[in-house]
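Spelled out from the first residue to the last, the chains are:
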Amino acid sequence: MSQKSLLSASLLAAARDRLDISIPVLLVLAVLFVLLPLIPGEFILVVGTEILILGLFALSFNLIHGFMGQISFGHAAFFGLGAYTTALILQPLTAAGGLGTITFLLAILAAVPVSALGALVVGYFCVRLTGIYFAMLSMAFGELIFYVVFSWYSFTKGDDGIQGLMPPPLLKSPVVYYYFTFVVVALAAALLWRITRSPFGYTLRLLRDNPARTAFLGIDVRRVMLVNFVLAGSFAGLAGALWGPFARSVSPTLLGWAQSGVPVFMSLIGGAGYFAGPLVGSIVYTGLNSYVTRFTIYWPLTIGLVILAMVLFLPGGLLSVVDGWLKAKRRGEP
Amino acid sequence: MTVTPIETVAATDTILETRGLTKDFGGLRATNDVSFTLARGAKEAIIGPNGAGKSTFFALVSGRHRPDAGSVTFDGQDVTGLPPHEIARRGMSRAFQVSSIFNRLTVLENVRSAVQVRRGRAFDFFSDARRVALDRTEEILALCRLADRRHVPAGELSQGDKKKLELALALAGEPRLLLLDEPTAGMSLEETRETMALVDDLNESHGLTILFTEHDMSVVFNHARRITLLHRGRMILSGSPAEVRANDEVQSIYLGGQA
């Protein structure tokens, strides 16, 4: 290889280092989300809100998957814990008719420490394992928490779920709740972005690429994994908190293994290797779900085919297409 | 490595000492009653035929494996049975025989992250990683002749460059003792010369204690000031290159097969 081509290759890589594909993608998405309510009708707002909430859920999952290299099949437990925390606080207040905006915001925030605590307990055991064992143990704990919520009727109303939830009067209209969700998710995503680009974010990447070597650099691998597990659980809890007032109810299925599969699918569709991947995945998954289920009862079949196509033809996710396209374009320039 | 930590532990002339170190794998005694002493500032090699127990010895010293019997003392502290990260933090770095790097990160990100870990920034959630500990990172990249490869993903490096990165990661730990497991394996002659020149320089100018294993006997005899021979897990002898070269036992069990 000549000296010249070596140089241009390293310059190219330098450019790639500076321009993370997630930056333009996030900017475009932010503009689209802001403009979304221009489309008439309430349905689009419902879909948009759901995309944002589940998108944050999937972004939190990807801290564990894309950045730390593990798969959790029990992440919905923390989404559900957050949802129930907020719901249990809001339900009596809403019923009494005196729900203020500040109280509402505090009820949303209260979900974070509860989910964090849940993730601390579950994570304490899960981080002792990696790979399929980590995945299976996280699933087992997820199901355990699901059954506690499902069975503890006096506290959680079991299978009936908690009904009659409502945002406060100020945030009640769908368009306002949509923008409220947008702001919360955008702030959380900005925080996640910052974390993934920090020295801690790179410590996670060390673990992902080579956990054994990481220990020899002086890293307590389990401790880093646990801290990250708690972080991911906290953000999942925040996403869950937004769910109840949006859906007007919460039920145990929010904690189940099917719900835990949602962020897995979303990361797969958008691309777990990209920060923005899970958010893109949520647009596709939630968007499809919202429209397909209007025309057919075969939603599992539809999403199954989508996943199959992704795994076979686009294992890097949708963003890998955009990434490859941008790289090819840059290479073509003088 | 101009690190001179102020410690209450009385500085001794011995940086590493093992006593009766023993490790069994099933029925095989991979390390058998090895009592080895390494002086501060030394540059020594451990040699022995395949399966002699060189890698197991390194694994026991660096915390990868727990010994079945015996003790490891590093810089005056008993580190027997401590996990690898605890031993690394005390100032012992290790480079692996088969390069063990972070494939999806660039060379720069590999070294920078390792330096950040050493500087206690592993739990820094909010700084921009691209701007932390760059001075030291660039120093190490230049030292290991990886500066022009800094933006290449580590997984795409040549074998020789991977070994250089392996050494760079070990240096990022700002160690007092560097364990190098076949540092020049897979390198070209030119790369071998460069790498061993760096090893010499780290030892002579920076005062770093170095213990290495190596298959290439010319590297061993040209660079080690003392050589220890392991055979079937046992320490057979230890001496200057001249002594080892002249020893009959060495000739018969080790060099004899090759000469």
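Each value, and the rule that gives it
Residues numbered from 1 in each chain as written. Chains lettered and ligands numbered in written order. Predicted model: local features only at pLDDT ≥ 70, side-chain atom pairs only at ≥ 80, totals over all residues. Heavy atoms only, no water. Helix = DSSP H or I, 4+ residues; strand = E, 2+ residues; numbered from the N terminus. Buried < 20%, exposed > 50% of the residue type's maximum accessible area, 1.4 Å probe, protein only. Contact = heavy atoms within 4.5 Å. Areas by Shrake-Rupley, 256 points an atom, 1.4 Å probe, with all protein chains shown as cover. Lys, Arg positive; Asp, Glu negative; His and termini not counted. Charge placed at Lys NZ, Arg CZ, Asp CG, Glu CD. Rg over C-alpha atoms; globule rule 2.2 N^0.38 Å. Core = buried A, V, L, I, M, F, W, Y, C linked by side-chain atoms within 4.5 Å. Pairing = 2+ DSSP bridges. Salt bridge = Lys/Arg side-chain N within 4 Å of Asp/Glu carboxyl O. Axes fitted to C-alpha atoms, helices over the stretch in contact; angles between N-to-C directions. Parallel < 35°, antiparallel > 145°, perpendicular 65-115°, else oblique. Nonpolar A, V, L, I, M, F, W, Y, C, P; charged D, E, K, R; others polar. Phe/Tyr/Trp six-rings, centres within 6.5 Å; stacked < 30°, edge-to-face > 60°. Lys NZ or Arg CZ within 6 Å of the ring centre and 35° of its normal.

> Would you mind showing me how to read the overall build of chain A here?
Secondary structure summary: chain A contains 15 helices and 0 strands in total. Taken along its principal axes, the extent of the C-alpha atoms in chain A is 75 × 50 × 40 Å. Across the 334 residues that make up chain A, the buried fraction comes to 52%. Restricting to contacts in chain A with at least 6 residues of sequence separation, those with at least 24 account for 79%. Per element, the accessible surface of chain A, about 14,700 Å² overall, is 73% carbon and sulfur. Charged side chains of chain A number 19 positive and 11 negative; the gap between the two group centres comes to 9 Å.

> What should I look at first to understand the overall build of chain B in this one?
A count of helices and strands for chain B gives 9 helices and 10 strands. Taking 259 residues into account, the globule formula puts the C-alpha radius of gyration at 18 Å, and chain B, at 18 Å, falls close to it. Out of the 259 residues belonging to chain B, those deemed buried represent 55%. In chain B, once contacts between residues fewer than 6 apart in sequence are set aside, the share between residues at least 24 apart is 66%. Charged side chains of chain B number 32 positive and 34 negative; the gap between the two group centres comes to 4 Å.

> Would you take a moment to explain the nonpolar core for this structure?
Buried together is how nonpolar side chains tend to be arranged in soluble globular proteins. Leu165, Leu178 and Phe212 of chain B are the most contacted members of the largest nonpolar core, which totals 149 residues. When residues in this core are grouped by element, the largest group, 16 residues, is from helix α11 (residues 221–247) of chain A. Listed in part, the 22 residues of the second largest apolar core include Phe57, Ile87, Leu177 and Leu211 of chain B.

> What should I look at first to understand the pairing of strand β3 (residues 43–47) of chain B in this one?
Two faces make up the sheet, and in a regular strand the side chains alternate between them. Residue and element names in this part refer to chain B. By the criterion of burial, β3 is predominantly enclosed, with 5 of the 5 residues buried. Both faces of β3 are covered, namely the face carrying Lys43, Ala45 and Ile47 and the face carrying Glu44 and Ile46. Taken together, the 4 bridges between β3 and strand β9 (residues 226–231) define a ladder with parallel strand orientation. Of the residues in β9, the one forming a bridge with Glu44 is Arg226.

> Sorry if this is basic, but what is going on with the pattern of salt bridges here?
When their charged atoms lie close together, side chains carrying opposite charge are able to pair. Residues and elements named next belong to chain B. A full pass over the atoms with the stated rule returns 23 salt bridges over all chains. In this structure, Arg119 engages Glu174 in a salt bridge whose closest nitrogen and oxygen atoms are separated by 3.7 Å. Residue Arg119 is located in the loop between α3 (107–118) and α4 (134–143), and its partner Glu174 is located in the loop between α5 (159–172) and β7 (177–181); the two are separated by 55 residues in the primary sequence. For Arg119, a relative accessible area of 40% corresponds to the partly exposed category. Residue Glu190 pairs with Arg193 through a salt bridge whose shortest N-O separation is 3.2 Å. Taken together, the positions of Glu190 and Arg193, both in helix α6 (residues 189–204) and 3 residues apart, correspond to about one turn of that helix.

> How should the sheet that holds strand β6 (residues 92–95) of chain B be read in this particular structure?
Residue and element names in this part refer to chain B. Pairing within the open sheet is mixed, and its 6 strands lie in the order β6-β7-β8-β3-β9-β10. Either end of the sheet is taken by a strand with one partner, and the two such strands are β6 and β10 (234–239). Within this sheet the neighbouring strands show an average axis-to-axis angle of 20°, counted without direction. As defined by bridge partners, β6 adjoins β7 across 4 bridges and the pair is classed as parallel. Residue pairing across strands places Arg94 opposite Leu179, the latter belonging to β7. Docked against the sheet, α5 engages β6 and β7, running at close to 170° with respect to β6.

> Before we go on, may I ask you to explain the packing of helix α3 (residues 43–67) of chain A against helix α9 (residues 199–209) of chain A in this structure?
Think of two packed helices as two axes; the pair is described by the angle between the axes and how far apart they sit. Residues and elements named next belong to chain A. Interaxial distance between α3 and α9 falls to 8 Å at its minimum, and their mutual angle equals 50°. Taken together, the axis directions place α3 and α9 in an arrangement best described as oblique. For the pair α3 and α9, the contacting residues are Leu63, Gly66 and Phe67 in the first and Leu204, Arg205 and Arg208 in the second. Of the residues that constitute the contact of α3 with α9, the class distribution is 3 nonpolar, 1 polar and 2 charged.

> Help me out: how do you make sense of the packing of aromatic side chains in this one?
Here a ring pair, both rings aromatic, is described through the centre-centre distance and the interplanar angle of the planes. The final tally for this structure, using the stated rule, is 25 aromatic pairs over all chains. Taking 4.8 Å as the distance between ring centres and 45° as the angle between the ring planes, the aromatic pair formed by Trp152 of chain A and Phe155 of chain A counts as tilted. Taking relative accessible area as the criterion, Trp152 of chain A reaches 46% and is therefore assigned partly exposed. Among the aromatic residues, those joined into a ring-pair cluster are Phe57, Phe79, Trp243 and Phe246 of chain A. The ring of Tyr202 of chain A has Arg112 of chain B sitting right over it, with the charged end atom 4.8 Å from the ring centre. One Lys or Arg, Arg245 of chain B, reaches over the ring of Phe221 of chain B and ends 4.3 Å from the middle of that ring.

> Looking at this structure, I do not really get the sheet that holds strand β5 (residues 77–78) of chain B. What am I missing?
Paired through backbone hydrogen bonds, the strands of a sheet run either parallel or antiparallel to each other. All names here are of chain B. Taken in spatial order, the 4 strands make up an open sheet running β2-β1-β4-β5, and their pairing is antiparallel. Two strands close off the open sheet at either side, each with one partner strand: β2 (28–39) and β5. Bridge analysis of strand β4 (residues 69–74) against β5 gives 2 bridges, and the strand direction is antiparallel. The partner of Thr73 across the bridge, within β5, is Asp78. Running over the sheet, helix α1 (residues 54–61) touches β1 (14–25), β2 and β4 and is turned about 115° from β1.

It is worth stressing that arrangement in space is one thing and function is another; only the former is reported here.
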